[in-house]
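Structural overview
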Amino acid sequence: MFVRPEIAAMIGYTPGEQPIGASKFIKLNTNENPYPPSPGIRRAIEEVLQRGLQKYPDPLANAFRTRAAELFGLPSKEWILCGNGSDDVLTICTRAFVGPGELLRLPYPSYILYRTLAQLQGARWEEIRFQDDWSLPPAFAAAGPGLKLAFLPNPNSPTGTMVSRSAVLDLAERLPCPLLVDEAYVDFAEFSCIDLVRQNEKILVSRSLSKSYGLAGLRFGFLAAQPQIIEQLIKVKDSYNCDALSIAAATAAIDDTAWLAENRRKIIATRSRLEGGLRQLAFDVIPSQANFVWATHPHRPAKALYEELKVVHVLVRYMNYPGWSDGLRISVGSDEQNEALLGLLRKSV
Ligand SMILES: *Cc1c(COP(=O)(O)O)cnc(C)c1O
C-alpha cells in the first residue's frame, strides 16, 4: 500500500460523530459550546473579507499572540505559538520532541488522540493509571528510556478531574522531558497552570478556542511556553497553519472577556444541574471541572443507554477504556437540552 508500516498498522483517530442533519440532534457528544460566540467575531471576519483574501496571512498570527500575551499574563508574544486548533499544537510538539522509537507518556484514562500522535511519529507510548483520588503516581514523573514528552490534560478527558498546580510543578521538576499541560477545558475549571510556564521551561500549556469560546468550527488553539521553546516549535509548524479569518476571529474572541465570563457561569450552573439530575437517577458521576461529565449506572450498561438515546436523536459519547471502565461522556449543553436528556433518562432507567 506504499505507506509507512506504522501508518498501515494503525487504526486512526475517530472523532465524535458529526451526524448529517445535526440540527435534528441534541448533540452532547463532542463538548461543543451550546451558545453562539461573541458578536465581535462576525465583525472581525467581515473586516478581513473587506480587505480580501488574496494575500497570505501572517505566518505567526502576531495580532493574536500580542493580545494573548497581555490577557494571559505572559511577558511578550514570543511566549505564544498559534495552531489550527489545539490538536495542531499537540502535533507540532510531538513532531518536535519525540523521534521514531522514542517514548511519549500519558495518563490513563485520557484523551485518545495522544496515542494517535505517537503512532504517526513511529514512537512508543506509555500509559500511567491515575490513582483513586485522580492524582498521578510517582511513576508518571520517573525517568524512562527514550522518554521525550509527557501529556497531561488538565482538566482531564473523559473524567473532568484535575491535578493540582503544585503537582504540575513537582512533575515538571522531576520529569526529564517537557510536560504538556493540555488546558482545552480549563475555562470551566477552578484554576489554570498557564502562568507556571514562567517558572519552568519544561512546562508547556495548550489552550483551545473550540470549547469555552464556542468556536469548534473555526479551528484555533495556542501554546504558551518559554520563548526558546516556541522558537524551535515554529520551525516545525506548517508555514501558514492559521488562516486570516481564524486569526482575526480568535483575536476578537479572547478580547471579549465579558462573554467568556458569562458563558463560563452558565455552563458551570448547568453542569451542576446535570450532575444532580443524573445522581437522582442513580448514576455515578465524577465531579467535573470541564464542560462534560462522566457517568456510569450500576444497573444499565452504558452502550445500551447510548444507543437508546441515539434512536431519539440525543447524541452522547459512549467510551470504553479497557481495564478501567466504560461509560457515557455527556457534554454540558443548554438548560433546555439538559432537561430533554434528563427527561428521556427518567423514562429509561
Ligand atoms: C477538544 C480537545 C482538544 C482539541 O481541541 P481543538 O482545539 O478543537 O483541536 C485538545 N485536547 C483535549 C483534551 C480535547 O478534549
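See the structure above.
In this text the structure is predicted, and so the values were computed from the model without any measurement. Note on numbering: residues in each chain are counted from 1, in written sequence order. Local features in a predicted model are, by the rule used here, given only for residues with pLDDT of at least 70; side-chain atom pairs are given and counted only at 80 or more, and totals for whole chains, interfaces and linings are based on all residues. As a rule here, side-chain values come from all non-hydrogen atoms in the structure, and water together with hydrogens is ignored.

This brings us to the packing of aromatic side chains. Each aromatic ring pair is described using two quantities: the centre-to-centre distance and the angle formed by the ring planes. Only Phe, Tyr and Trp rings are paired, with Trp represented by its six-membered ring, and only when their centres lie within 6.5 Å; those with planes under 30 degrees apart are stacked, over 60 edge-to-face, the remainder tilted. If you walk through the whole model with that rule in mind, you get 15 aromatic pairs. These aromatic residues form a ring-pair network of at least three members: Tyr-108, Phe-130, Trp-134, Trp-294, Tyr-321 and Trp-324. Working rule: Lys NZ or Arg CZ, within 6 Å of ring centre, within 35 degrees of ring normal, means a charge sits over the ring. The residue whose ring lies beneath Lys-266 is Tyr-35, and the NZ or CZ to ring-centre distance is 4.1 Å. The positively charged end of Arg-329 is found above the aromatic ring belonging to Phe-292, 5.5 Å away from the centroid.

Okay, unusual backbone geometry next. The omega torsion of the bond from Asn-154 to Pro-155 falls at 0 degrees, within 30 degrees of zero and hence cis. We count a stretch as a helix when DSSP gives it H or I for four or more residues in a row; a strand needs E for two or more, and each element gets its number in order from the N terminus. Secondary-structure assignment places Pro-155 in the loop between strand 5 (147-153) and helix 6 (165-174). At the junction of Ser-157 and Pro-158, the peptide bond is cis and its omega measures out at 15 degrees in the coordinates. Within the secondary structure, Pro-158 sits in the loop between strand 5 and helix 6. Although it is not a glycine, Asn-31 sits at a positive phi angle of roughly 60 degrees. Secondary-structure assignment places Asn-31 in the loop between strand 1 (26-28) and helix 2 (40-51). Despite not being glycine, Trp-134 shows a phi value in the positive range, around 65 degrees. Note on placement: Trp-134 falls in the loop between strand 4 (124-129) and strand 5.

Time to look at the site of the ligand. Being near a molecule or strand, for a residue, means having at least one of its heavy atoms within 4 Å of it. The environment of the ligand is formed by Gly-85, Ser-86, Asp-87, Tyr-111, Asp-182, Ala-184, Tyr-185, Ser-208, Ser-210, Lys-211 and Arg-219. Polar contacts, as counted here, are pairs of nitrogen or oxygen atoms within 3.5 Å of one another; within protein the pair requires one atom able to donate a hydrogen and one able to accept it, and residues that are adjacent in sequence qualify only if both atoms are side-chain atoms. Within the contact set of the ligand, an oxygen atom lies 2.6 Å away from a backbone nitrogen or oxygen of Ser-86. Here an oxygen atom of the ligand sits 2.7 Å away from a polar atom, N or O, in the side chain of Arg-219. All residues other than Ala, Val, Leu, Ile, Met, Phe, Trp, Tyr, Cys, Pro, Asp, Glu, Lys and Arg, Gly among them, are scored as polar; the first ten of these are nonpolar and the last four charged. Tallied by class, residues from the shell around the ligand come to three nonpolar, four polar and four charged.

Quick look at the side chain of Ser-110 now. If you trace the backbone, Ser-110 turns up in the loop between strand 3 (103-108) and helix 5 (113-120). Ignoring sequence-local partners within four residues, the contact set of Ser-110 consists of Pro-153, Asn-156, Ser-157, Pro-158 and Tyr-321. Any two residues whose heavy atoms approach within 4.5 Å are treated as being in contact.

Another aspect to go through is the packing of helix 3 (residues 62-71) against helix 8 (residues 244-255). Running from N to C, helix 3 and helix 8 point in directions that differ by 15 degrees, and their axes come no closer than 9 Å. For the element pair helix 3 / helix 8, the angle class is roughly parallel. As for the relative orientation of helix 3 and helix 8, their crossing is left-handed in sense. On helix 8, the residues touching Ala-63, Phe-64, Arg-67, Ala-68 and Leu-71 of helix 3 are Ile-247, Ala-250, Thr-251, Ile-254 and Asp-255. Classifying every residue of the contact of helix 3 with helix 8 gives seven nonpolar, one polar and two charged. Between the N-to-C directions of two axes lies an angle of 0 to 180 degrees, each axis being a line fitted to C-alpha atoms and, for a helix, fitted only over the stretch in contact. Each angle receives one of four descriptions, namely roughly parallel if under 35 degrees, roughly antiparallel if over 145, roughly perpendicular if within 65 to 115, and oblique otherwise. Left-handed describes a crossing whose near helix is turned anticlockwise from the far helix through less than a right angle; right-handed describes the clockwise counterpart.

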